[in-house]
Amino acid sequence: VDIDGEKIVGVALGKISSSVDLGNEDSLICPGLIDTHLHLPQFDSIGAAGMRLLPWLSEVIFPAEIRWNDLAQAKSMISRVANQCLGVGTTGICAYATVSHDATIAALRAFREIGFRGVIGQVMMDRDAPAELLRPANQLVDEVDRTLSLFPADGRMAAAITPRFALSCSESLMEQAGALAASGFAVIQTHLAETTAECRAVDQRFGGKSYVRVYQDAGLLNQHSVLGHGIHLDRIAQQQLAESGAKIAHCPTANSFLGSGTMDRDSHLAAGIPITLGSDIGAGFERSMVRVGRAMIDAAVRIATGKDGKTDDFDQIPSAAHAWYQITAGNAHALGWDDVGRIRAGASADVLVVDPDIPWRKTRCPLSTLMFAWDDRWISRTILRGRVQFARNRGDGRVAP
Ligand code: GUN
Ligand code: FE
């Protein structure tokens, strides 16, 4: 892989020249991984187990997000989170910040400076959360509008329009967010149908209007929408989503952690809904998109096999190759990011150098070996826009006798 400046300029197959700067014939050169749903202020909240979504938000997540009202605290966490992303090979993100405008701008600046690809959204909330996390709708819309002009949708790091979910937004806020979305082509992020309790609350609040219709009527569903979860959806909802062009960001680790349910990926794909994959840190507990890819396979196994978990029909389960595709080119393609996700001439040089300490190339299915035996410590370099932003020093770790 030949990199010049910020770009990959050539890819050659065959014998590796002895003059390469990085890697050797046992290395994997992999596109940087793309995480299409994560919450930057939630990285320190991973692992708060034993609660369903709504109490978990109130008791764990909202207090954590309030801490980002202190810009110094937010900045110090942003830099730790960026390092953690680099360390697990994540180079592309669709991320939520908090309701704090200043913290969102700081996150966008920090991630852009390092060279990440993606979007970060100021979370929009004007009801049903602690007062410290609420802002008047018109203030939120003004702030997001300003962020969009500083970080436009065609930039490498762009602002996203991010109403948290129907339960934290007034109809007026959602409509104004929808109007903002209609004026450009920014990514729209929100959560959809993650738990049945949430769906019941939406049903009650909006007088029986379906969850999908609530977003659709507000103008929040188009081909730039990335909707977290989408577990509890009927056929009509699937059809409406498919027609809108909105994507569902599947977050299998978060769904098992909060006991929300198992999303039926095949059913959504068959209905014509594009599916991306996300860690959903901090409901999700795996920073590594490789392990989230593995969880995607696990979730499909659960759907395919039911409770007893037995099957002989492995063909209906996504392969490791599918999962590798999903966390690289698949996520990039679904988001319309044609500059990343693949190793090819002309692409941005967002690349991992992976040096497994196992003979992976000699196994029956190398991609499956890599995925299931995965160790983050194999990532020896994370390269963004042609610059090494993360390098691991690796001895074998043994202490001399
Ligand atoms: N629904 C609304 N907000 C959130 C959040 O922060 N995490 C998850 N998993 N679901 C949500
Ligand atoms: Fe989420």
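From a predicted model like this one, the values you see are computed outputs, not experimental measurements.

### A word on the coordination of the iron ion (ligand 2)
Here is step 1: Around the iron ion (ligand 2), the protein contributes the donor atoms H37 (NE2), H39 (NE2), H191 (NE2) and D280 (OD), which lie 2.1 to 2.3 Å from the metal centre.
Here is step 2: The coordination sphere of the iron ion (ligand 2) comprises four donor atoms, whose angles at the metal cover 88 to 173 degrees; the geometry is irregular.
Here is step 3: Linear spacing of the donor residues for the iron ion (ligand 2) on their chain is H-x1-H-x151-H-x88-D. One end of the pair, H191, is in strand β8 (residues 188–192); the other, D280, is in the loop between β11 (275–277) and α11 (289–305), and 89 residues separate them in sequence.
Here is step 4: Residue class for D280 comes out buried when judged on its relative accessible area of 3%.

### Some words on the packing of aromatic side chains
Here is step 1: The final tally for this structure, using the stated rule, is five aromatic pairs.
Here is step 2: The interplanar angle of 50 degrees and the centroid separation of 4.6 Å between the aromatic rings of F111 and F116 together place this pair among those described as tilted.
Here is step 3: For F116, a relative accessible area of 0% gives the class buried.
Here is step 4: Judged by centre distance (5.6 Å) and plane angle (75 degrees), the ring pair of W374 and W378 falls under edge-to-face. Each member of the pair, W374 as well as W378, is classed as buried.
Here is step 5: Through pairs of rings, three or more aromatic residues link up here, namely W324, W374 and W378.

### Describing the sheet that holds strand β3 (residues 28–31)
The strands that make up a sheet are held in pairs by hydrogen bonds between backbone atoms, and each pair lies either parallel or antiparallel.
Here is step 1: With antiparallel pairing, four strands are arranged side by side in an open sheet as β3-β12-β13-β14. Two strands close off the open sheet at either side, each with one partner strand: β3 and β14 (387–391). On average, each strand axis in the sheet is inclined to that of its neighbour by 25 degrees, with strand direction left out of account.
Here is step 2: Here four bridges tie strand β12 (residues 351–354) to strand β13 (residues 379–384), and the two strands are oriented antiparallel to one another. For V353, the partnering residue across the bridge sits in β13 and is R381.

### Considerations on the packing of α11 against helix α12 (residues 320–335)
Here is step 1: Interaxial distance between α11 and α12 falls to 9 Å at its minimum, and their mutual angle equals 125 degrees. The angle between the axes of α11 and α12 places the two elements in the oblique class. By crossing handedness, the relation of α11 to α12 is classed as right-handed. Judged by residue contacts, M289, V290, G293, M296 and I297 of α11 engage A320, A323, W324, Q326, I327 and N331 from α12.
Here is step 2: Here the residues of the contact of α11 with α12 are counted per class, giving eight nonpolar, three polar and no charged.

### Let's talk about the side chain of R164
Here is step 1: Following the sequence through the fold, R164 ends up in the loop between β7 (157–163) and α5 (171–182).
Here is step 2: Reaching out from R164, the side chain makes a polar contact with the side chain of E65 at a distance of 2.8 Å.

### A look at the pairing of β14
Here is step 1: Taken together, the four bridges between β13 and β14 define a ladder with antiparallel strand orientation. Bridge assignment links T382 to a residue of β14, and that residue is F390.
Here is step 2: Counting the residues that bridge the hairpin from β13 to β14 gives two residues, and of these R385 lies at a positive phi of roughly 45 degrees.

The rules behind each value
- Residues numbered from 1 in each chain as written.
- Chains lettered and ligands numbered in written order.
- Predicted model: local features only at pLDDT ≥ 70, side-chain atom pairs only at ≥ 80, totals over all residues.
- Heavy atoms only, no water.
- Donors = N, O, S within 2.8 Å, 3.2 Å for Na, K, Ca; no water.
- Tetrahedral: all angles 85-135°; square planar, octahedral: opposite > 155°, others 65-115°.
- Helix = DSSP H or I, 4+ residues; strand = E, 2+ residues; numbered from the N terminus.
- Buried < 20%, exposed > 50% of the residue type's maximum accessible area, 1.4 Å probe, protein only.
- Phe/Tyr/Trp six-rings, centres within 6.5 Å; stacked < 30°, edge-to-face > 60°.
- Pairing = 2+ DSSP bridges.
- Axes fitted to C-alpha atoms, helices over the stretch in contact; angles between N-to-C directions.
- Parallel < 35°, antiparallel > 145°, perpendicular 65-115°, else oblique.
- Left-handed = near helix turned anticlockwise from the far one by under 90°.
- Contact = heavy atoms within 4.5 Å.
- Nonpolar A, V, L, I, M, F, W, Y, C, P; charged D, E, K, R; others polar.
- Polar contact = N/O pair within 3.5 Å; in protein donor to acceptor, adjacent residues only side chain to side chain.

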